[in-house]
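Observations on the model geometry
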Amino acid sequence: MTILVTAAGGQLGHLVIEALLDRGVAPESIVAGARTTSKVADLAERGIRAVRLDYMAPDTVAAALEGVDTVLLISGSEPGKRYEGHKNVIDAAEAAGIAKLVYTSLAHADSTDFVLAPEHKATEEALATSDVPSVVLRNNWYIENYTPDALRAAETGVIAASVADATVAAASRADYAEAAAVVLTQDGHLGRTYELSGDTAVSYADIAAASAEALGREVAYVPVSRAQLEAALTEAGLDAGTVGFVAEMEAGIARGVLSDADPTLARLLGRPTTPVAEGLRAAVEASRVDA
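Quick look at the structure, then. Worth saying up front: this structure is predicted, and the values here are computed from it rather than measured.

The subject of this paragraph is the pattern of salt bridges. Once the charged atoms of two side chains with opposite charge are near each other, the side chains can pair. Inspection of the entire model under this criterion finds 16 salt bridges. Measuring nitrogen to oxygen at the nearest pair gives 3.3 Å for the salt bridge that ties Arg-35 to Glu-78. Here Glu-78 lies in the loop between β4 (70–73) and α4 (82–96) and Arg-35 lies in the loop between β2 (30–34) and α2 (41–44), a separation of 43 residues in the sequence. Look at Arg-35 and you get partly exposed, because its relative accessible area is 48%. What makes Glu-78 partly exposed here is its relative accessible area of 34%.

Structure, rendered in structure tokens:
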């Protein structure tokens, strides 16, 4: 089996490859695809084949699939452009006769009222109508998404958000990466859609408390209105489109779109998911080392 990990230059892609290696997959059986190959140079040094793969350049996708039978399609990072790139990979995988394609989607992508959902839903539909055997991993929020909030709170002592008393069933990026490695290397998952989340949904007050623990200082959660959030983002210099997108994302969280805790991720991992306090502490420490 030869496994192609797309977007391998990113944090999730790197962690998936580490998880594959930990599960005994030989380096020569892994292909790291990245739009910028310098971002996977460290993997190439370990015997992993590095290839250029740009979702928006179908020729690079086709070339990356040569000699591959299993693919992890990590969702693109540019809202509004994701679906087209994902469809290019699905079409190329179908043409290449790929035996298994695993896609990282979003929690309840087919039914949720969330600004991030439509492109994931469209991608799932494209997979369903293709001839590519597939598995869908609907990832909830990453604990690491709160690292910037925690780092700002190191100065301000505040985490502000327009999510009211909403909860989020976040898990660590490494948890989701390990689950992807499990599904990529095990039989019996084809045709399945898995809702993946942390074991427990936490509030933003809980996230503030976890930040306080990581930072060694008091941190308070301060709820704000959507109008207050938009004003603050505008004052920070963000353009109107970005302001509206972020505000609508928080509005979705306020509606509870990320609140469902599901045991499936822990079951795939064979262990509890990473607690938010532990994951956030590790993320803050890593960011300080990298700074």
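Turning to the nonpolar core, a few remarks are in order. The biggest cluster of nonpolar side chains holds 58 residues, and the ones touching the most others in it are Leu-4, Val-5, Val-16, Ile-17, Leu-20 and Leu-101. Per-element tally for this core: the top contributor is helix α7 (residues 173–185), with eight residues. Among all residues touching Val-5, those that are not within four sequence positions of it are Gly-13, Val-16, Ile-17, Leu-20, Val-31, Ala-32, Gly-33, Leu-72 and Ile-74. Counting residues in hydrophobic clusters, the runner-up holds 34 residues, among them Leu-106, Ile-143, Ala-212 and Ala-214.

Attention now moves to helix α10 (residues 240–254). In a regular helix each residue adds 1.5 Å, so 15 residues correspond to 21 Å; α10 covers 21 Å between its end C-alpha atoms and thus fits that length. Buried residues along α10 sit against β7 (158–161), β8 (167–168), α8 (204–215) and α9 (226–235). The N-cap of α10, judged by a side-chain oxygen 3.0 Å from the amide nitrogen of Gly-241 a few residues on, is Asp-239. A positive phi of about 95 degrees marks Gly-256, the residue just after α10.

Turning to the sheet that holds strand β5 (residues 100–106), a few remarks are in order. Spatially, the seven strands line up as an open sheet ordered β3-β2-β1-β4-β5-β6-β9, and their pairing is parallel. Both edges of this open sheet fall to β3 (49–52) and β9 (193–196), since each of them pairs with a single strand only. Pairwise comparison of adjacent strand axes, ignoring direction, gives a mean angle of 20 degrees for this sheet. As defined by bridge partners, strand β1 (residues 3–5) adjoins β4 across three bridges and the pair is classed as parallel. Among the inter-strand pairings, Ile-3 is bridged to a residue of β4, identified as Thr-70.

The terminal C-alpha atoms of α7, which comprises 13 residues, lie 19 Å apart, in line with the 18 Å expected from a rise of 1.5 Å per residue. With respect to burial, α7 is a largely interior element, ten of its 13 residues being buried. Where α7 is concerned, the buried positions are Arg-173, Asp-175, Tyr-176, Ala-177, Ala-179, Ala-180, Ala-181, Val-182, Val-183 and Leu-184.

Reading guide: rules and limits
- Residues numbered from 1 in each chain as written.
- Predicted model: local features only at pLDDT ≥ 70, side-chain atom pairs only at ≥ 80, totals over all residues.
- Heavy atoms only, no water.
- Salt bridge = Lys/Arg side-chain N within 4 Å of Asp/Glu carboxyl O.
- Helix = DSSP H or I, 4+ residues; strand = E, 2+ residues; numbered from the N terminus.
- Buried < 20%, exposed > 50% of the residue type's maximum accessible area, 1.4 Å probe, protein only.
- Core = buried A, V, L, I, M, F, W, Y, C linked by side-chain atoms within 4.5 Å.
- Contact = heavy atoms within 4.5 Å.
- Expected span 1.5 Å × (residues − 1).
- Polar contact = N/O pair within 3.5 Å; in protein donor to acceptor, adjacent residues only side chain to side chain.
- Pairing = 2+ DSSP bridges.
- Axes fitted to C-alpha atoms, helices over the stretch in contact; angles between N-to-C directions.

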